[in-house]
Amino acid sequence: MSTPSTPSSSYPHRSRGLGSGPGRAPARAHLRAMGLAELERVVCPGAGACAGQFTANTMATTLDFLGVSPFGAGEVPAVDPAKGAAAERVGRVAVEAVLAGRTPSELLTREALENAVTAVCATGGSTNGVLHLLAIAREAGIEFGIEDFEAIAHRTPIIASLKPGGGYVATDMHRVGGTAALAAELARGGLLRLEARTVDGGSIGEVAAAVTTLPDGKVLSPLDRPFKRGAALAILHGSLAPDGCVLKLGGAGGEVPVRGPARVFDGEEQALEAVLDGQVRPGGVVVVVRYEGPAGGPGMREMLAVTGALVGRGLGASVALVTDGRFSGATRGLMVGHVAPEAARGGPLAALRDGDVIVVDVARRRLDVELPDEELKRRLDGWTSPPPRYEGGVFAKYAASVASASDGAVTRPFPGHMPGRERIGT
């Protein structure tokens, strides 16, 4: 059983409510000294996880919908007086689960994973949820892939107006009923597998049926009047991502393809320096940050510094970013991550050069480079892997054993072997 870290509070600011988190501080800002001082006093209000629906709160939501955390236990604000009672409840449920013989393998089913992905999509959650849920599926031996995310996202509108794409934070969601209220509305629309079991011995259908209130219409909207009708995320394939990649849509349509010349960087530091030095200018450029995947990083760092700098420079609407790394849940803009196979393993990103034209076609779910197949193959045939960033120690061992992002970046006991696949016949 799991009970996640809980959200921090959110304090009002004269422009809008603020909570702690890796916000969007501009690379060049024009704030009066008093305005900056006021912002500093409220932007990190105290203990707890970042207040938006970033990675921490996204995963807290998914753990409820996976059935491995008591509904609502992880959403009580960190400094709320009710936190003690929530912790006691978690302890009681843990003991009861042990005595009843309830095991994780009974809870972690395909139905539970579908519910968890639905919750990520309905709340406009972090794309890191894709990586983590794929990893859970692999370790549990459940046949569940990135195409399942695409199918679920396609049918699930965003009904929670949570930052970074919305106007509210986790404490607001808690105030209007939290994950149980979310489950109730999704159940009303037939979007949940109600038979999935929960750690307290019940089912998610029972959790939903116990909710007697309706969505408030602001923080949580009804399905017939969603906050955003479009999908929260998309899975793209193409000549640059044969095994797939992830794009956070946040309900945007993406009907018009983005096409532009590549600016290629071997690592986050190179890209950040170029953005801050003004070397990346508006005008349809596609920034490529490669060798940041699970093996290349190693560890698949989130590209928050680069994405934050792009937005802070006013380039968020005119510059796309493509990477085999991942993103913070606070990321905004056209950002394509988790590109697989990664550059360090000889994926197509390794063959890119400055000026190559990249096309991000969301409507067709494609990520391509405008190069003949023969040229791309010729470049990859001539490619040599860069020296590893670590030649010994735990990072080197990790890089040697980690799987692709499209398989959840789990570690494998043997090269080419995926844990659990002998149990699912793949």
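Residues numbered from 1 in each chain as written. Predicted model: local features only at pLDDT ≥ 70, side-chain atom pairs only at ≥ 80, totals over all residues. Heavy atoms only, no water.

(A) Broad picture of the nonpolar core. In terms of nonpolar packing, the biggest core is built from 81 residues, with Phe 65, Phe 149, Leu 182, Val 288, Ile 358 and Leu 367 touching the most fellow members. Here the element with the most residues in this core is helix 5 (residues 110–122); it accounts for eight residues. (Core = buried A, V, L, I, M, F, W, Y, C linked by side-chain atoms within 4.5 Å. Buried < 20%, exposed > 50% of the residue type's maximum accessible area, 1.4 Å probe, protein only. Helix = DSSP H or I, 4+ residues; strand = E, 2+ residues; numbered from the N terminus.)

(B) Here's a closer look at helix 9 (residues 178–188). The buried count for helix 9 comes to eight of 11 residues, which makes it a mostly enclosed element. All buried positions along helix 9 are accounted for by Gly 178, Thr 179, Ala 181, Leu 182, Ala 183, Ala 184, Glu 185 and Leu 186. Those residues of helix 9 that are buried lie in contact with helix 2 (55–66), helix 5, helix 8 (170–175) and helix 10 (204–209). Backbone geometry just after helix 9 places Gly 190 at a positive phi near 70°. (Contact = heavy atoms within 4.5 Å.)

(C) Local environment of helix 6 (residues 128–140). The end-to-end C-alpha distance of helix 6 is 18 Å, a good match for the 18 Å that 13 residues give at a rise of 1.5 Å each. Of the residues making up helix 6, those classed as buried are Asn 128, Gly 129, Val 130, Leu 131, Leu 133, Leu 134, Ala 135, Ala 137 and Arg 138. Positive backbone phi, approximately 75°, marks Gly 141, located one or two places after helix 6. (Expected span 1.5 Å × (residues − 1).)

(D) Up close: a nonpolar patch on the surface. There is a patch of nonpolar side chains on the surface, built from Tyr 390, Val 394 and Phe 395 and spanning about 310 Å² of accessible area. Mapped onto the elements of the fold, Phe 395 is located in helix 14 (residues 393–401). Here Phe 395 falls in the partly exposed class, since its relative accessible area comes to 43%. (Patch = residues over 30% accessible without salt bridge, like charges linked within 9 Å, V, L, I, M, F, W, Y side chains within 5 Å. Areas by Shrake-Rupley, 256 points an atom, 1.4 Å probe, with all protein chains shown as cover. Salt bridge = Lys/Arg side-chain N within 4 Å of Asp/Glu carboxyl O.)

(E) Representation of the packing of aromatic side chains in the model. Tallying each qualifying case throughout the model produces three aromatic pairs. Ring geometry for Phe 144 against Phe 149: centres 5.7 Å apart, planes inclined by 75°, an arrangement best described as edge-to-face. Taken as a pair, Phe 144 and Phe 149 share a single burial class, namely buried. (Phe/Tyr/Trp six-rings, centres within 6.5 Å; stacked < 30°, edge-to-face > 60°.)

(F) How the structure looks around the pattern of salt bridges. Applying the stated criterion across every chain yields a total of 23 salt bridges. For the salt bridge of Arg 193 with Glu 114, the shortest nitrogen-to-oxygen distance reads 3.1 Å. Residue Arg 193 is located in the loop between helix 9 and helix 10, and its partner Glu 114 is located in helix 5; the two are separated by 79 residues in the primary sequence. A relative accessible area of 10% means that Glu 114 is categorised as buried. The closest approach of N and O atoms between Arg 188 and Glu 185, which form a salt bridge, is 2.9 Å. Placement of the pair is Arg 188 and Glu 185 together in helix 9, with a separation of three residues, close to one helical turn. Under the relative-accessibility criterion, Glu 185 is labelled buried at 6%. Via salt bridges that share partners, Arg 110, Glu 111, Glu 114, Asp 148, Arg 193 and Glu 195 belong to a single interconnected network.

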